[in-house]
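# Structure assessment
Listed below, chain by chain, are the residues.
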Protein chains: 4
Amino acid sequence: MIIVMSPDSREDDVALVVERLGERGYGHHISRGEQRTIIGAIGAPDHEKEVVAGQLTALPGVERVVPILKPYKLISREYNPQPGTVMIGNARFGPGHVGVIAGPCSIETREQILQTARAVKEAGATALRGGAFKPRTSPYSFQGLGYEGLELLAEAREETGLPIVTEVMDVRQVDRIAEVADCLQIGARNMQNYDLLKEAGRCGRPIMLKRGFSSTVGEWLRATEYIAAGGTLDIILCERGIRTFEDATRFTMDLSSIAVLRRETFLPVVADPSHAVGIASLVPPMALAAVAAGADGLLIEVHPRPDQALSDGPQSLTPAAFAELMQQIRRVAEAIGRDV
Amino acid sequence: MIIVMSPDSREDDVALVVERLGERGYGHHISRGEQRTIIGAIGAPDHEKEVVAGQLTALPGVERVVPILKPYKLISREYNPQPGTVMIGNARFGPGHVGVIAGPCSIETREQILQTARAVKEAGATALRGGAFKPRTSPYSFQGLGYEGLELLAEAREETGLPIVTEVMDVRQVDRIAEVADCLQIGARNMQNYDLLKEAGRCGRPIMLKRGFSSTVGEWLRATEYIAAGGTLDIILCERGIRTFEDATRFTMDLSSIAVLRRETFLPVVADPSHAVGIASLVPPMALAAVAAGADGLLIEVHPRPDQALSDGPQSLTPAAFAELMQQIRRVAEAIGRDV
Amino acid sequence: MIIVMSPDSREDDVALVVERLGERGYGHHISRGEQRTIIGAIGAPDHEKEVVAGQLTALPGVERVVPILKPYKLISREYNPQPGTVMIGNARFGPGHVGVIAGPCSIETREQILQTARAVKEAGATALRGGAFKPRTSPYSFQGLGYEGLELLAEAREETGLPIVTEVMDVRQVDRIAEVADCLQIGARNMQNYDLLKEAGRCGRPIMLKRGFSSTVGEWLRATEYIAAGGTLDIILCERGIRTFEDATRFTMDLSSIAVLRRETFLPVVADPSHAVGIASLVPPMALAAVAAGADGLLIEVHPRPDQALSDGPQSLTPAAFAELMQQIRRVAEAIGRDV
Amino acid sequence: MIIVMSPDSREDDVALVVERLGERGYGHHISRGEQRTIIGAIGAPDHEKEVVAGQLTALPGVERVVPILKPYKLISREYNPQPGTVMIGNARFGPGHVGVIAGPCSIETREQILQTARAVKEAGATALRGGAFKPRTSPYSFQGLGYEGLELLAEAREETGLPIVTEVMDVRQVDRIAEVADCLQIGARNMQNYDLLKEAGRCGRPIMLKRGFSSTVGEWLRATEYIAAGGTLDIILCERGIRTFEDATRFTMDLSSIAVLRRETFLPVVADPSHAVGIASLVPPMALAAVAAGADGLLIEVHPRPDQALSDGPQSLTPAAFAELMQQIRRVAEAIGRDV
């Protein structure tokens, strides 16, 4: 890190910073410009960097502290330079391929999930999604079928062979869901629920971490590091839109995050256009855009009767619309050298 | 709610909406303008409103659905028109008063928390804060002393008589923390951790719910409704800044939320300038601004040695700076008819 | 519009709203629900709608006024349902096609603009861009060559046959630039410079209106209506990213705006990935994503020596990188049924 | 500035940066850490800094360039450390004082502006505002009375003795408005209309520059530097809210900007709660908060009949509400050691 001293700092302010760096095990390096003195800290013991940066900022005469190294390690491309592949059951997410996870927002009935599973399988989806535990903004809305829903999802896997992805919201559910699901999804609202991240990292299943809708890519990567520190690198990141002032769509899909993540981490990245835009007619163009931008996969909401859905009806595709979209996805994927 | 039909909708699209409303137990009312037909839904059974709105949006010919009623009830001023008071131990938060909760971000050592408790008590704080479990953006940063920290906080209460407020992050901690603390705080990152909200509502202690840094006031109120639905109305809301594009401060403090909340709910509202701005020298003006805007209380970080703090040093006031601020707070509170 | 009365409004509050609507030439329609009374205003004389809505909001007992009709007309699909084509010289922007406007941020020297023009022409660009007047955040930065730059741009057109697009910043420049350029661009910072919009609408050339980086799609369309009201419908809209909290890129490209605009207006829409992301290596994936999302064209910054550029070097492609990107653009365009 | 090299940069990448710095007149200083090499540039010729930073970013092996010095000079506290005072006619804006500029959004009729001027004068306002040229989001809304409105405003000054502030939108109006008005206001939408800023700086009158609603404080200061570079330091900055995701208010008032500006510049800062919140009942608490936060003045919309206003009715105070607010403003100002 680099410590920028304010123009009115004094010699003993500089000396105090240097002394403090020494106490914390850092070397240093002073550069005196015409208007600012700058102190470089060298050889930082990694795990304390942020704490020390905060402490230095509180010293007299310090204008600001500029971090130089990345605040994540296990998941960074500096640690592992090659893009990696993560398998969810038999579905592949990584270079050269586009995996497609489709299904309803919530599992509502046996008939609904089985019918959807068959339809998305036939259209070419490679995995099945469905929520058993639902984070709803109102306590009076449908909260999901719980473990009963999970059983229905497993039954749909049985019948179609599609691996299953479902959300975990509560640390107490992690182990039981991990016994059944092929991949545990952590939703946007829980991206910084650190206890949940730690438990997820230990559960032995691949984890899909959705971006918090108000998190920078840097914060998302730091949350991902929590999972990695828990013990697994089978992590898929999922862009699902961020909150902005624009109100024509539910969130604003930040497709540039895909390319930014590619530069920073070797983990695969998928995109969820359904939650990002929240309007079914806008899902196909954004799904194609995500593929063109280099996503390793997609997460798409499909419901046999969107106008009867207990959640997210307005953004769900019908099976017919999904089948049509899959054909376009194949063409765009091929244009950029990937298969589906 | 009101259903706005698109200009190219047909008669049978309108008929289908009307039929669906009937099935769901709503009356209706059609208004045909020159360019749009509008259908008013009447007598809505409350708990299904959002689900039905979503389903209607997915019907053909529907341009959008406009909700009319508020999506929260127990905590609304329509339910209870008088501003209320919540007690944290012997500290009062409500009309005519400004409660001041002060203390360090993290409890670090026995000496540190006792020394801070004495100092803030002497300066006039009415409650003590301190984190035992810390949500940190990096898994490699100090994560708090845990239950040992909680014991130290209780010891500080013993000595000073100040009631104590501490954060709960994990559903599994709720009961044990509730045995000791006078008030449980739910942090911004967990504002939509619904399982935690439900458990908190049942624990028998007052809850302080911080605003998610990317949540609208409406979403914050809906999250609050989760706590209320759990069984308590002893809830204090805490504005702590929202995420915006401005980078001169850590977050942007949205003081207008105080007046907006006053209009919507009877619950008391406090403000946390320390987390909002993240820079110690900006805390005093924002604390005074919050009081002038009508806050029922403040949450202020104080540390005996900010340059040695294990978290949030740059935004912590020294005991001396806090004592000076308390005097200004008293003057501004008095100017608007409150005491401290 | 619909006027929602507050729960504590009285009969004479309703009567006053009705009386006011009558005075302003509106019919009405009252719907009394259990918790709210709602008044529908019918047959609104268009041009006063926003003024009247503001006045009604200020009346006693009014909770809020919900607009129903769109605040733009000439440019809406309700006015003209078919997607249209706009020609910039011989370059086509509209259905079935992807136009590519390439060139440097600023025109710096005769050699630089001629060399770039030849290179982008050869790679397949259909129009040439280059700034003669530059809006720079610092008054001490290079401000452009002015009219001399415009002459150099015309010379590049002469040699390559590419039509030219350049920015106008000041009402006093409109006519003189319109004499030379094939298309006048209005930049993001001037999207709500209404006097400039009005002058541009009268100048007789096609106008490219960039989205203000903090404008909703709705505000952008209203600004576009200013140009249309000035007398032309030869308008191209350009998405160039919006300001968000994300700091890994310069702005956040909102590709869903393309599909939203398609629904609202018949005007063609292009995308400028260079300004949106601000980093050359991220431009190609975002350019491809924009094409897949349905953009009618692209605006791409190309500079023969990005490391010598007087502005926007970090986001400029070299001619070689641009040529490679053009090949990928052709493949993705073809995959979704467009040619370049 | 500091150049951070990427971990895979090579020795000749470093050499090229050093060579380039030399060519541009900078000295340098290399610091080799374990994971990154960092190059400090020394003795930068100010006016080219941003251009050179951009060029260096485009060189191979450069990860990023971190600016160290502030990008503004004439208006910075480093240039002039004491907070200054700006006079608008006989109204003072600076330390120890709170100036209050009140009046209608638009000048509508002679009677309306005279009546308002008398009322705000009596309540204690120190200057009168009123718009003659109005930037409206719709071309079909009332656009202001133009120069006729300016004459009416001057008449109100004549009668009440209040100095007058009015907005200028178009470079062609600057001189004529400057002949009459005591202060020219540049609105949020024109904050980066650089030609207008330059003309304003030359006109000989004090300028009030409103913050662009999507501008950081840093960008706002750079825009201010344009005015200063034009020749005047009689500039008042006006916080008027920024755009965020929150939709309960029109904009989000960023009161921390006042303290941030105080640290960066000696220019006075005022606040406009009316435009920030857009709802009359929220104006008083935010006006008081602004005073407590240290604002040197306020801008408040007052209209004799808000429900008849041609613009901004919902946010205008009645003369009676304004008079009551002035009394509270006096009390809060006094509590923090200022008079009104």
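Residues numbered from 1 in each chain as written. Chains lettered and ligands numbered in written order. Predicted model: local features only at pLDDT ≥ 70, side-chain atom pairs only at ≥ 80, totals over all residues.

### Brief notes about the overall build of chain A
Per the secondary structure count, chain A includes eleven helices and 14 strands. C-alpha atoms of chain A, sized along the principal axes, occupy 75 × 45 × 35 Å. In chain A, buried positions account for 63% of the 340 residues. Counting only contacts in chain A whose residues sit at least 6 apart along the sequence, the fraction spanning at least 24 positions is 65%. (Helix = DSSP H or I, 4+ residues; strand = E, 2+ residues; numbered from the N terminus. Buried ≥ 20, exposed ≤ 12 C-beta atoms within 10 Å, placed from the backbone. Contact = placed C-beta atoms within 7 Å.)

### Here we look at the interface of chain A and chain B
On the side of chain B, 44 residues touch chain A, which itself brings 44 residues to the contact. At the level of secondary structure, the elements contributing two or more residues to the side of chain A that touches chain B comprise α2 (49–57), α6 (194–202) and α7 (217–230) of chain A.

### Looking at the interface of chain A and chain C
On the side of chain C, 35 residues touch chain A, which itself brings 35 residues to the contact. Elements that contribute at least two residues to the side of chain A that touches chain C include exactly α7, α8 (256–264), α10 (283–292) and α11 (319–335) of chain A. With six residues, the single largest contributor to the side of chain A that touches chain C is α10 of chain A. Within the side of chain A that touches chain C, the residues separate by chemical class into 21 nonpolar, nine polar and five charged. (Nonpolar A, V, L, I, M, F, W, Y, C, P; charged D, E, K, R; others polar.)

### Digging into the relation of the copies chain A and chain B
Turning chain A through 180° and shifting it by 0.0 Å along the axis lays it on chain B, with an RMSD of 0.0 Å. When the rotation and shift are considered jointly, the pair of chain copies conforms to a two-fold rotation axis. Of every C-alpha in chain A, the one belonging to Ser-214 of chain A sits nearest the axis of rotation, 2.8 Å from it. An overlap of 100% is found between the interface residues of chain A and their copies at the interface of chain B, pointing to a shared contact surface. (Least-squares fit on C-alpha atoms with pLDDT ≥ 70 in both.)

### Overview of the packing of helix α3 (residues 110–123) of chain D against helix α11 (residues 319–335) of chain D
Residue and element names in this part refer to chain D. In the contact formed by α3 and α11, the axes pass within 9 Å of each other and the chain directions differ by 20°. The angle between α3 and α11 places the two elements in the roughly parallel class. Note on packing geometry: the crossing formed by α3 with α11 is right-handed. Contacts between α3 and α11 involve Ala-119, Val-120 and Ala-123 from the former and Pro-319, Phe-322, Ala-323 and Met-326 from the latter. Looking at side-chain class alone, the contact of α3 with α11 contains seven nonpolar, no polar and no charged residues. (Axes fitted to C-alpha atoms, helices over the stretch in contact; angles between N-to-C directions. Parallel < 35°, antiparallel > 145°, perpendicular 65-115°, else oblique. Left-handed = near helix turned anticlockwise from the far one by under 90°.)

### Some remarks on α2 of chain A
Along an α-helix, a turn takes 3.6 residues, which lines up residues three or four apart on a common side. All names here are of chain A. When you tally the buried positions in α2, you get eight out of nine residues, the bulk of the element. Buried within α2 we find Lys-49, Glu-50, Val-51, Val-52, Gly-54, Gln-55, Leu-56 and Thr-57. Those residues of α2 hidden inside the fold are in contact with β1 (2–5), α1 (11–23) and β4 (62–66).

### Let's talk about the packing of helix α10 (residues 283–292) of chain D against α11 of chain D
All names here are of chain D. In the contact formed by α10 and α11, the axes pass within 9 Å of each other and the chain directions differ by 25°. Taken as axis vectors, α10 and α11 run roughly parallel relative to one another. As for how α10 packs across α11, the hand of that crossing is right-handed. Between α10 and α11, the residues in contact are Pro-284, Ala-287, Leu-288, Val-291 and Ala-292 and Leu-325, Gln-328, Ile-329, Val-332 and Ala-333, respectively. Taken together, the residues of the contact of α10 with α11 break down into nine nonpolar, one polar and no charged.

### What to know about the sheet that holds strand β3 (residues 37–42) of chain D
Residue and element names in this part refer to chain D. Pairing is antiparallel in the open sheet, where four strands are placed in the order β2-β3-β1-β4. The open sheet is flanked by β2 (27–32) and β4 (62–66), the only strands paired with a single partner. The mean inter-strand angle of the sheet, taken between neighbouring strand axes irrespective of direction, is 20°. Note that strand β1 (residues 2–5) and β3 share three bridges and pair antiparallel. Opposite Ile-3, over in β3, you have Ile-39 as the bridge partner. Its contacts with the sheet put helix α2 (residues 49–57) on β1 and β4, and the angle it makes with β4 is roughly 165°. (Pairing = 2+ DSSP bridges.)

### A short note on unusual backbone geometry
Positive phi values are uncommon outside glycine, yet Asp-312 of chain B reaches one of about 55°. Take Asp-312 of chain B: it is sitting in the loop between β14 (297–301) and α11 (319–335).

### Describing the relation of the copies chain A and chain C
Each of the two chain copies goes to the other by way of a rotation about an axis and a shift along it. Superposing chain A onto chain C takes a rotation of 180° plus a shift of 0.0 Å along the axis, which leaves an RMSD of 0.0 Å. A shared interface surface links the copies, since 100% of the contact residues of chain A are contact residues in chain C too.

### Considering the confidence of the model for chain A
Scored by pLDDT, chain A has a mean of 94; 99% of the residues are at 70 or more. Confidence estimates for the predicted assembly give a pTM of 0.93 and an ipTM of 0.94. (pLDDT = per-residue confidence, 0-100.)

### Overview of the sheet that holds strand β1 (residues 2–5) of chain B
Sheet strands associate in pairs through backbone hydrogen bonding, adopting either a parallel or an antiparallel arrangement. All names here are of chain B. With respect to topology, four strands assemble into an open sheet ordered β2-β3-β1-β4, the strand pairing being antiparallel. The open sheet has two edge strands, β2 (27–32) and β4 (62–66), and neither has a second partner. The average undirected angle you get between the axes of adjacent strands in this sheet is 20°. The pairing of β1 with β4 spans four bridges and is antiparallel. Across the sheet, residue Ile-3 finds its bridge partner in β4, namely Val-65. Helix α1 (residues 11–23) rests against β1, β2, β3 (37–42) and β4 of the sheet, and its axis sits at about 5° to β3. Relative to β4, helix α2 (residues 49–57) is tilted by about 165°, and along the sheet it contacts β1 and β4.

### Focus on the environment of Arg-331 of chain B
Among the structural elements, Arg-331 of chain B can be located in helix α11. In this structure, the C-alpha to C-alpha distance between Arg-331 of chain B and Met-169 of chain B, residues 162 residues apart in sequence, is 36 Å.

### Some words on the pairing of strand β7 (residues 99–103) of chain A
Residues and elements named next belong to chain A. In terms of burial, β7 is largely enclosed, as five of its five residues are buried. Bridge count between β7 and strand β14 (residues 297–301): five bridges; the pairing is parallel. Residue pairing in the sheet places Gly-103 in a bridge with Glu-301 of β14. Where β7 and strand β8 (residues 127–129) come together, two bridges link them in parallel fashion. Note that in β8 the partner of Ile-101 across the bridge is Ala-127. Once you follow β7 into helix α3 (residues 110–123) and on to β8, the crossover reads as right-handed. (Right-handed = clockwise from strand over helix to strand, strands pointing away.)

### Let's talk about the environment of Ala-53 of chain B
Structurally, Ala-53 of chain B can be placed in helix α2. With 35 residues separating them in the primary sequence, Ala-53 of chain B and Ile-88 of chain B have C-alpha atoms 39 Å apart.

### Examining the environment of Asp-296 of chain C
Residue and element names in this part refer to chain C. Turning to its location among the elements, Asp-296 is positioned in the loop between α10 (283–292) and β14 (297–301). Asp-296 sits 200 residues away from Gly-96 along the chain, and the two C-alpha atoms are 7.9 Å apart. Residue contacts for Asp-296: discarding those within four places in its chain leaves Phe-93, Gly-94, His-97, Val-98, Gly-99, Pro-268, Val-269 and Val-270.

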